[in-house]
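Structural overview for review
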Amino acid sequence: MTYAPGRLLVLLVGCVVLGAGVALFLTADLGSDGYSTLVNGIALATGLAFWVANLLVGVTLVALAAVRRVFPGVGTVVQVVVVGVTVSLLVDVLDTPDGLGPRLLLLAGAFPVLAVGIAVYLGSHTGAGPAEAAALAWDPPVPFRWSYSAVQGGGALIGWLLGATVGVGTVAVILLLGPGVDLASRLLHLDVHQGEPAGQGPGTRAS
């Protein structure tokens, strides 16, 4: 399946912005998101390498989402690769600030970047990454802003029970990121649900 160049550009821009947000979030060093906490907990409990646990969790969530007709696409793969590369590049040049206050400010600054990045990449309608796909699979009946919180919260809880640590950043992701993405998508007039953009048909795809 091929997509119009404009949609691929939106996908790439969204993933780079999301990667920048993740890098800021990690640099604040106040906890990981629920998805990463789940992966880390599985890795700790089983002895698997983090990347192996990450792959298993990602494939499982994408497969479960597909059962509820949220199918993977090129964006599912691009999100993982581009976000990973962007994070790797930025964390090498960013330093965790001294003191809790500056770290909290950095964490607060990461959230609008994360929200915009997720809204934009999902708005390309090219496929969702594992955590977003799992949340979208339950919308409807549960709105994305709350289903995303449920996915992040469930991941954090399971990961914590398996031995991973949580922090204030973890709680902030659970409570704030879903509503933040919802707000960003409305402000940018984007639909985060996958499939053809509203009001557009198959003609938006490149032949």
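Residues numbered from 1 in each chain as written. Predicted model: local features only at pLDDT ≥ 70, side-chain atom pairs only at ≥ 80, totals over all residues. Heavy atoms only, no water.

**What to know about unusual backbone geometry**
Put simply, the test is: Runs of H or I in DSSP of at least four residues are treated as helices and runs of E of at least two as strands, each being numbered from the N terminus. Three labels apply to residues, based on accessible area from a 1.4 Å probe with only protein chains included: buried if under 20% of the type maximum, exposed if over 50%, partly exposed otherwise in between.
Put simply, Asp 139 and Pro 140 share a cis peptide bond, and its omega is 0°. Relative to the assigned elements, Pro 140 resides in the loop between helix H6 (130–136) and helix H7 (144–161). A cis geometry characterises the amide bond from Pro 140 onward to Pro 141, with omega recorded as 15°. Relative to the assigned elements, Pro 141 resides in the loop between H6 and H7. For Arg 69, which is not a glycine, the phi torsion comes out positive at approximately 70°. Mapped onto the elements, Arg 69 comes out in the loop between helix H3 (50–67) and helix H4 (74–91). In this structure Arg 69 comes out as exposed when scored by relative accessible area, which is 64%.

**Things to note about the packing of helix H5 (residues 100–123) against helix H8 (residues 168–187)**
Quick reminder of the rule: Axis definition: a line fitted to C-alpha atoms, limited for helices to the stretch in contact. Angles are taken between N-to-C directions and run from 0 to 180 degrees. Should an angle fall under 35 degrees it is taken as roughly parallel, and over 145 as roughly antiparallel, whereas 65 to 115 is taken as roughly perpendicular and any remaining angle as oblique. Rotating anticlockwise by less than a right angle from the far helix to the near helix defines a left-handed crossing, while the corresponding clockwise rotation defines a right-handed one. We call two residues contacting when some pair of their heavy atoms lies within 4.5 Å. Residue polarity is assigned by list, with Asp, Glu, Lys and Arg as charged and Ala, Val, Leu, Ile, Met, Phe, Trp, Tyr, Cys and Pro as nonpolar; anything else, Gly included, falls into the polar class.
Following both chains from N to C, one finds H5 and H8 inclined at 40°, their axes separated by 8 Å at the closest point. The angle between the axes of H5 and H8 places the two elements in the oblique class. Where H5 crosses over H8, the handedness of that crossing is right-handed. Where H5 approaches H8, its residues Leu 104, Leu 107, Phe 111, Leu 114, Ala 115, Val 116, Ile 118 and Ala 119 are matched on the opposing element by Val 168, Gly 169, Ala 172, Val 173, Leu 176, Leu 177, Gly 180, Val 181, Ala 184 and Ser 185. Each residue belonging to the contact of H5 with H8 can be placed in one class, and the counts come to 15 nonpolar, three polar and no charged.

**Some details on the packing of aromatic side chains**
Selection rule: Ring pairs are drawn from Phe, Tyr and Trp, using the six-membered ring of Trp, whenever the two centres fall within 6.5 Å, and their geometry is named by plane angle: stacked under 30 degrees, edge-to-face over 60, tilted for the rest. Whether a charge sits over a ring depends on NZ of Lys or CZ of Arg being within 6 Å of the ring centre and within 35 degrees of the ring normal.
All chains considered together, the criterion is met by two aromatic pairs. Aromatic side chains Phe 25 and Phe 111 sit 6.2 Å apart centroid to centroid with 70° between the ring planes, which places their arrangement in the edge-to-face category. With Phe 25 in helix H1 (residues 5–28) and Phe 111 in helix H5, the pair connects residues that are 86 residues apart, well separated along the chain. Residue placement shows Arg 68 over the ring face of Trp 138; its charged tip is 3.8 Å from the ring centre.

**What about the side chain of Arg 7?**
Under the convention used in this document: Two N or O atoms count as a polar contact when they lie within 3.5 Å, although within protein this holds only if one can serve as hydrogen donor and the other as acceptor, and sequence-adjacent residues are included solely when both atoms are side-chain atoms.
Position of Arg 7 among the secondary structure elements: in helix H1. Classification of Arg 7 as buried rests on a relative accessible area of 9%. Here the side chain of Arg 7 touches His 125 through a polar contact of 2.7 Å, landing on its backbone oxygen.

**Here we look at H3**
Filter applied, for reference: By this rule, a helix spans an expected 1.5 Å times one less than how many residues it contains. The directions considered for the arc run from the helix axis to the C-beta atoms.
Taking 1.5 Å per residue as the helical rise, H3 with its 18 residues ought to reach 26 Å, and the 26 Å between its terminal C-alpha atoms agrees with that figure. Ala 53, Val 57, Gly 58, Leu 61, Val 62 and Ala 65 are the residues of H3 that are buried. Seen along its axis, H3 keeps its buried residues to an arc of 155°; they face one direction. Opposite its buried face, H3 presents the exposed residues Val 59 and Val 67, each directed more than 90 degrees away. Buried residues in H3 make contact with helix H2 (34–46), H4 and H6. Of the residues one or two after H3, Arg 69 is the one with positive phi, at around 70°.

**Brief notes about the nonpolar core**
Note the following rule: By nonpolar core is meant a set of buried Ala, Val, Leu, Ile, Met, Phe, Trp, Tyr and Cys residues that side-chain atoms within 4.5 Å join together.
Core analysis: the biggest nonpolar cluster contains 43 residues, and Ile 118, Tyr 121, Leu 122, Phe 144, Leu 177 and Val 181 have the highest contact counts within it. Those elements that place two or more of their residues in this core are H1, H2, H3, H4, H5, H6, H7 and H8. For Val 181, the residues in contact, after removing those within four places along its chain, are Ala 115, Ile 118, Ala 119, Phe 144 and Val 192.

**Structural notes on the pattern of salt bridges**
The criterion, for reference: The salt bridge criterion pairs a side-chain nitrogen of Lys or Arg with a carboxyl oxygen of Asp or Glu, the two atoms within 4 Å.
Applying the stated criterion across every chain, the model contains two salt bridges. Residue Arg 145 is joined to Asp 182 by a salt bridge in which the shortest nitrogen-to-oxygen separation is 3.9 Å. A residue pair is termed long-range when its members are at least 10 positions apart, and Arg 145 in helix H7 and Asp 182 in helix H8 qualify at 37 residues. For Asp 182, a relative accessible area of 18% corresponds to the buried category. With its nearest N and O atoms 3.2 Å apart, the salt bridge here joins Asp 182 to Arg 186. Residue Asp 182 and its partner Arg 186 are located together in helix H8, separated by four residues, close to a single helical turn. For Arg 186, a relative accessible area of 52% corresponds to the exposed category. Three or more residues joined by partner-sharing salt bridges are found here, namely Arg 145, Asp 182 and Arg 186.

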